[in-house]
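Spelled out, the chains give:
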Amino acid sequence: DAGVTQSPTHLIKTRGQQVTLRCSPKSGHDTVSWYQQALGQGPQFIFQYYEEEERQRGNFPDRFSGHQFPNYSSELNVNALLLGDSALYLCASSGIRVGEQFFGPGTRLTVL
Amino acid sequence: AQTVTQSQPEMSVQEAETVTLSCTYDTSENNYYLFWYKQPPSRQMILVIRQEAYKQQNATENRFSVNFQKAAKSFSLKISDSQLGDTAMYFCAFINSGGYQKVTFGTGTKLQVIP
């Protein structure tokens, strides 16, 4: 079992560009959540996908959007990048057992 | 809304000693789950220990144990026999059992184990 995987590991973009981050959940998990972790801070919940639909969202603007595919993998898209979007983006997957979330290694996004 | 507070930004402990990390939380819910996650410099968020609020018995996992005080909304982590590999950021976290497993994290405590 490969666990939760994310790609790419690192990414550098410039202001105004768009970015897509990818996540593959742990085998047997059907729910994917995305978090933004600024340097020195705790992760902040962006949104969660289940059955290919967004079912919960944190306090993030519409520039942040996502998608879940039939195989449960997920993408996070950020449009019109701002310097403040520079962060570690974590993906977590979960299944039936409440409270059992497994995190991926994250994607480090730098916006110049 | 739930909040999680970690009042110790940084802590240090001598190798083989015991250290306790503090966490308080605020919620109006009665059923929920509390967690401690470890994030080493490699960035991987690793689940250390999990506590279900309806269980009065404190959770333990090898050298890690918690002191869960539901009435006080306190959830501290005790690390016994500290090892160099315990050096990491530690996050206290909360999930409402009635929700969709959205995790609310504290701001973290940076733990340094000194040889």
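Parameters and conventions
- Within each chain, residues carry numbers counting from 1 in the order of the written sequence.
- In the order they appear in the text, chains get letters beginning with A and ligands get numbers beginning with 1.
- The model is predicted, so local features are restricted to residues of pLDDT at least 70 and side-chain atom pairs to those at 80 or more, both for listing and for counting; the totals for chains, interfaces and linings are taken over all residues.
- Neither water nor hydrogens contribute to the side-chain values; these are computed over all heavy atoms in the structure.
- Strands here mean DSSP runs of E at least two residues long; helices mean DSSP runs of H or I at least four residues long; both are numbered from the N terminus.
- Just to be clear, the radius of gyration here is over C-alpha atoms, and the globule rule we use is 2.2 Å times residues to the power 0.38.
- Buried, partly exposed and exposed residues are distinguished by accessible area as a fraction of the type maximum, computed with a 1.4 Å probe on protein chains only: under 20%, between the cut-offs, and over 50%, respectively.
- By the convention used here, residues are in contact when the closest approach between their heavy atoms is within 4.5 Å.
- Per-residue and other accessible areas follow the Shrake-Rupley method at a 1.4 Å probe size, with only the shown protein chains counted as cover for residues.
- By the counting rule applied here, Lys and Arg register as positive and Asp and Glu as negative, while His and the ends of each chain are not counted.
- The atom standing in for a charge is NZ when the residue is Lys, CZ when it is Arg, CG when it is Asp and CD when it is Glu.
- Our working definition of a disulfide is a cysteine sulfur pair at a distance within 2.5 Å.
- For two strands to be treated as a pair, DSSP must find no fewer than two bridges joining them.
- The axes are straight lines fitted to the C-alpha atoms, using for helices just the contacting stretch, and the angles between their N-to-C directions are given from 0 to 180°.
- Each aromatic pair joins two rings of Phe, Tyr and Trp (for Trp, the six-membered one) with centres within 6.5 Å, and gets the label stacked for planes under 30 degrees apart, edge-to-face for over 60, and tilted for any other angle.
- To sit over a ring, a charge needs its Lys NZ or Arg CZ within 6 Å of the ring centre and within 35 degrees of the ring normal.
- Here's the idea: put two parts together, see how much 1.4 Å probe accessible area each one loses, and the total over both is what we call buried area.
- Think of a salt bridge as a Lys or Arg side-chain nitrogen and an Asp or Glu carboxyl oxygen that are within 4 Å of each other.

## Notes on the overall build of chain B
Moving on, step 1. Of regular secondary structure, chain B possesses zero helices and 12 strands.
Moving on, step 2. Mapped in sequence order, the helices and strands of chain B form the string β-β-β-β-β-β-β-β-β-β-β-β.
Moving on, step 3. Relative to the 2.2 N^0.38 estimate, which gives 13 Å for 115 residues, the radius of gyration of chain B is 14 Å and therefore close to what a compact globule would have.
Moving on, step 4. With the C-alpha coordinates aligned to their principal axes, the bounding extent of chain B is approximately 45 × 25 × 20 Å.
Moving on, step 5. A buried classification covers 49% of the 115 residues belonging to chain B.
Moving on, step 6. Considering only contacts in chain B between residues 6 or more positions apart, those separated by 24 or more positions represent 55%.
Moving on, step 7. Counting only carbon and sulfur atoms, one obtains 45% of the accessible surface of chain B, whose full area is about 5600 Å².
Moving on, step 8. Taking the 10 positively charged and 9 negatively charged side chains of chain B as two groups, their mean positions are separated by 6 Å.

## Focus on the state of the cysteines
All names here are of chain A.
Moving on, step 1. Considering all chains together, one arrives at two disulfides over all chains under this definition.
Moving on, step 2. With a sulfur-sulfur separation of 1.8 Å, cysteine 23 is cross-linked through a disulfide to cysteine 91. Looking along the S-S bond of the cysteine 23-cysteine 91 disulfide, the torsion reads about -55 degrees, which is the left-handed sense. With cysteine 23 in strand E3 (residues 19–24) and cysteine 91 in strand E9 (residues 87–94), this pair connects stretches of sequence that are 68 residues apart.
Moving on, step 3. Relative accessible area serves as the criterion here: at 3%, cysteine 23 is assigned to the buried category.

## With respect to the sheet that holds strand E8 (residues 74–78) of chain A
Residue and element names in this part refer to chain A.
Moving on, step 1. What the four strands build is an open sheet, ordered E1-E3-E8-E7; its pairing is antiparallel. Every other strand in the sheet has two partners, leaving strand E1 (5–7) and strand E7 (64–68) as the edge strands with one partner each. Taking the axes of each pair of neighbouring strands and ignoring which way they run, one obtains an average angle of 20 degrees across the sheet.
Moving on, step 2. Relative to E8, E3 runs antiparallel, the two being bridged by five bridges. Bridge pairing links valine 19 to valine 78 in E8.

## Let's talk about the packing of aromatic side chains
Moving on, step 1. Inspection of the entire model under this criterion finds 15 aromatic pairs over all chains.
Moving on, step 2. Seen in terms of ring centroids, phenylalanine 103 of chain A and tyrosine 37 of chain B are 5.3 Å apart; in terms of plane orientation they differ by 80 degrees. Their pairing is edge-to-face. Of this pair, phenylalanine 103 of chain A sits in strand E10 (residues 101–103) while tyrosine 37 of chain B sits in strand E5 (residues 32–39), which puts the two residues in different chains. Of the two residues, phenylalanine 103 of chain A and tyrosine 37 of chain B, neither departs from the other in class, the shared state being buried.
Moving on, step 3. On the numbers, 6.0 Å between centres and 35 degrees between planes, the contact of phenylalanine 35 of chain B with tyrosine 37 of chain B is tilted. Like tyrosine 37 of chain B, phenylalanine 35 of chain B is buried.
Moving on, step 4. Each member of the aromatic cluster is reached from another via a ring pair, and the members are Tyr35, Phe45 and Phe103 of chain A together with Phe35, Tyr37, Phe91 and Phe105 of chain B.
Moving on, step 5. Here the basic side chain of arginine 55 of chain A rests over the ring of tyrosine 50 of chain A, its NZ or CZ set 4.3 Å away from the ring centre.

## Points about the pairing of E7 of chain A
Residue and element names in this part refer to chain A.
Moving on, step 1. Bridge analysis of E7 against E8 gives five bridges, and the strand direction is antiparallel. Residue glutamine 68 lies in a different strand from E8, and its bridge partner there is serine 74.
Moving on, step 2. Count of turn residues in the E7/E8 antiparallel hairpin: five residues, of which tyrosine 72 carries a positive phi of about 80 degrees.

## A look at the environment of methionine 89 of chain B
Moving on, step 1. Its location among the elements puts methionine 89 of chain B in strand E10 (residues 88–96).
Moving on, step 2. Once residues lying within four places of it in the same chain are set aside, the contact partners of methionine 89 of chain B are Tyr37, Lys38, Gln39, Thr107, Gly108, Thr109 and Lys110 of chain B.

## Here we look at the interface of chain B and chain A
Moving on, step 1. At the junction of the two partners, chain B supplies 18 residues and chain A supplies 28 residues.
Moving on, step 2. Across the chain B to chain A interface the summed buried area is about 2000 Å²; carbon plus sulfur atoms make up 49%.
Moving on, step 3. For the pair chain B and chain A, the number of links is zero salt bridges.
Moving on, step 4. Broken down by secondary-structure element, the contributors of at least two residues to the side of chain B that touches chain A are E5 and E10 of chain B.

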